[in-house]
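Observations on the three-dimensional arrangement
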Amino acid sequence: MKIEHTKVYNFENAMRGMRNPLESWDKNDSTETTIGENDLELAQRLLRAGSDHAKFMRQIFVSCDFTLPLYVFKELDTYKVATVANSTSTMHTLQRHNIQPDFFEIDEDSLPLIVSETMITHGEMHELTVSDIWEDIIAGLEMLRSKYIETGDKRYWRALNQLLPQGWLQTRTWTANYATLRNIYFARKDHKLKEWHEICEWIESLPYAEELICYRG
């Protein structure tokens, strides 16, 4: 997995708008890249009061390119509110490249795992590992891809899509806001999928993440 091209913006407008209810603009001391002490104090007070009061978090925007396996995107799609994603197209691009192991999220430490000790090949019994299974999957997908290119028969293309593993890596340009990231962070930081830990570490690295997104009060 990869997280690239991160951009965070609109601090200045969010902090100014945060002061609209009490018309306390004279205390505003933030710029586009820096949150002032006065604004940070108010922002944290609003965060302690709850998400309804901390609406300014919805106006701090973040955009990045996520390259993640489909099984993570399936869970990330839970957070559809205030997010936009523009993804690479499996339908249009799946057949363009020879299918290789680096197109998938494959844990190196899982490859030696023994799945069966009773596999028989050419009359000899040997151990079947996760690595063997991946080799068969990738070879099978590449055969389907090649047959589709050779024949143009869409049945091969449909079978290729239907058999594509959840480990397939896809890239999406993803846009959200700090309020959504706060929900993601506290819901997923202890998740059993290691990818969520990496996403939460990325969230922690964002500007003012400690003071806003990860803030408990």
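Here the structure is shown first, and the text comes after it.
Predicted model only: the values in this text are computed from it and were never measured.

1. A short note on the nonpolar core
By size, the foremost hydrophobic cluster in this structure holds 40 residues, and its most contacted members are Phe56, Met57, Tyr178, Leu181, Trp202, Leu212 and Ile213. Where this core is concerned, the elements lending two or more residues are α1 (11–18), α2 (37–49), β2 (61–69), α3 (70–76), β6 (169–177), α7 (178–188), α8 (194–204) and α9 (209–213). Residues in contact with Tyr178, not counting those within four places in the same chain, are Val8, Phe11, Met57, Ile60, Leu206, Pro207, Leu212 and Ile213. Counting residues in each nonpolar core, the second largest holds 15 residues, with Val130, Trp134, Ala159 and Leu160 among its members.

2. Focus on the side chain of Asn177
As for its position among the elements, Asn177 is in strand β6. We classify Asn177 as buried; its relative accessible area is 4%. At 3.0 Å, the side chain of Asn177 and the backbone nitrogen of Ala179 are in polar contact. Ignoring any residue separated from it by four or fewer positions in sequence, one finds Asn177 in contact with Met57, Arg58, Ile60, Phe61, Val62 and Ala82.

3. Here we look at the packing of α7 against α8
For any two helices packed against each other, one specifies the crossing angle of their axes together with the interaxial distance. In the contact formed by α7 and α8, the axes pass within 10 Å of each other and the chain directions differ by 135°. Here α8 runs oblique to α7, going by the angle between their axes. Of the two elements, α7 crosses α8, and the hand of that crossing is left-handed. Seen from α7, the contacting residues are Leu181, Ile184, Tyr185 and Arg188; seen from α8, they are Trp196, Cys200, Trp202, Ile203 and Glu204. Taken together, the residues that form the contact of α7 with α8 break down as seven nonpolar, no polar and two charged.

4. Observations regarding the side chain of Glu105
Residue position: Glu105 is located in the loop between α4 (90–93) and β4 (114–121). Buried charge without a partner: Glu105 forms no salt bridge, and the closest opposite charge is Lys194, 4.6 Å away. Within the structure, the side chain of Glu105 is placed 3.0 Å from the backbone nitrogen of Met1, a separation counted as a polar contact. Excluding anything up to four places from it in sequence, Glu105 contacts Met1, Pro69, Tyr71, Trp134, Gly167, Leu169, Lys194 and Glu195.

5. Describing the packing of aromatic side chains
Scanning the entire structure with this criterion turns up 10 aromatic pairs. Ring geometry for Phe66 against Trp174: centres 5.2 Å apart, planes inclined by 45°, an arrangement best described as tilted. A residue pair is termed long-range when its members are at least 10 positions apart, and Phe66 in strand β2 and Trp174 in strand β6 qualify at 108 residues. The two residues Phe66 and Trp174 agree in class, both being buried. Between Phe104 and Trp168, the ring centres sit 5.3 Å apart and the planes meet at 75°, which makes this aromatic pair edge-to-face. Placement of the pair is Phe104 in the loop between α4 and β4 and Trp168 in the loop between α6 (154–163) and β6, with a sequence separation of 64 residues. Judged on exposure class, the residue Phe104 and its partner Trp168 are both buried. The structure contains a cluster of three or more aromatic residues connected by ring pairs, namely Phe103, Phe104, Trp134 and Trp168. A cation sits over an aromatic face here: Arg172 above Phe73, 3.9 Å from the ring centre.

What counts, and where the lines are drawn
- Residues numbered from 1 in each chain as written.
- Predicted model: local features only at pLDDT ≥ 70, side-chain atom pairs only at ≥ 80, totals over all residues.
- Heavy atoms only, no water.
- Core = buried A, V, L, I, M, F, W, Y, C linked by side-chain atoms within 4.5 Å.
- Buried < 20%, exposed > 50% of the residue type's maximum accessible area, 1.4 Å probe, protein only.
- Helix = DSSP H or I, 4+ residues; strand = E, 2+ residues; numbered from the N terminus.
- Contact = heavy atoms within 4.5 Å.
- Polar contact = N/O pair within 3.5 Å; in protein donor to acceptor, adjacent residues only side chain to side chain.
- Axes fitted to C-alpha atoms, helices over the stretch in contact; angles between N-to-C directions.
- Parallel < 35°, antiparallel > 145°, perpendicular 65-115°, else oblique.
- Left-handed = near helix turned anticlockwise from the far one by under 90°.
- Nonpolar A, V, L, I, M, F, W, Y, C, P; charged D, E, K, R; others polar.
- Lys, Arg positive; Asp, Glu negative; His and termini not counted.
- Salt bridge = Lys/Arg side-chain N within 4 Å of Asp/Glu carboxyl O.
- Phe/Tyr/Trp six-rings, centres within 6.5 Å; stacked < 30°, edge-to-face > 60°.
- Lys NZ or Arg CZ within 6 Å of the ring centre and 35° of its normal.

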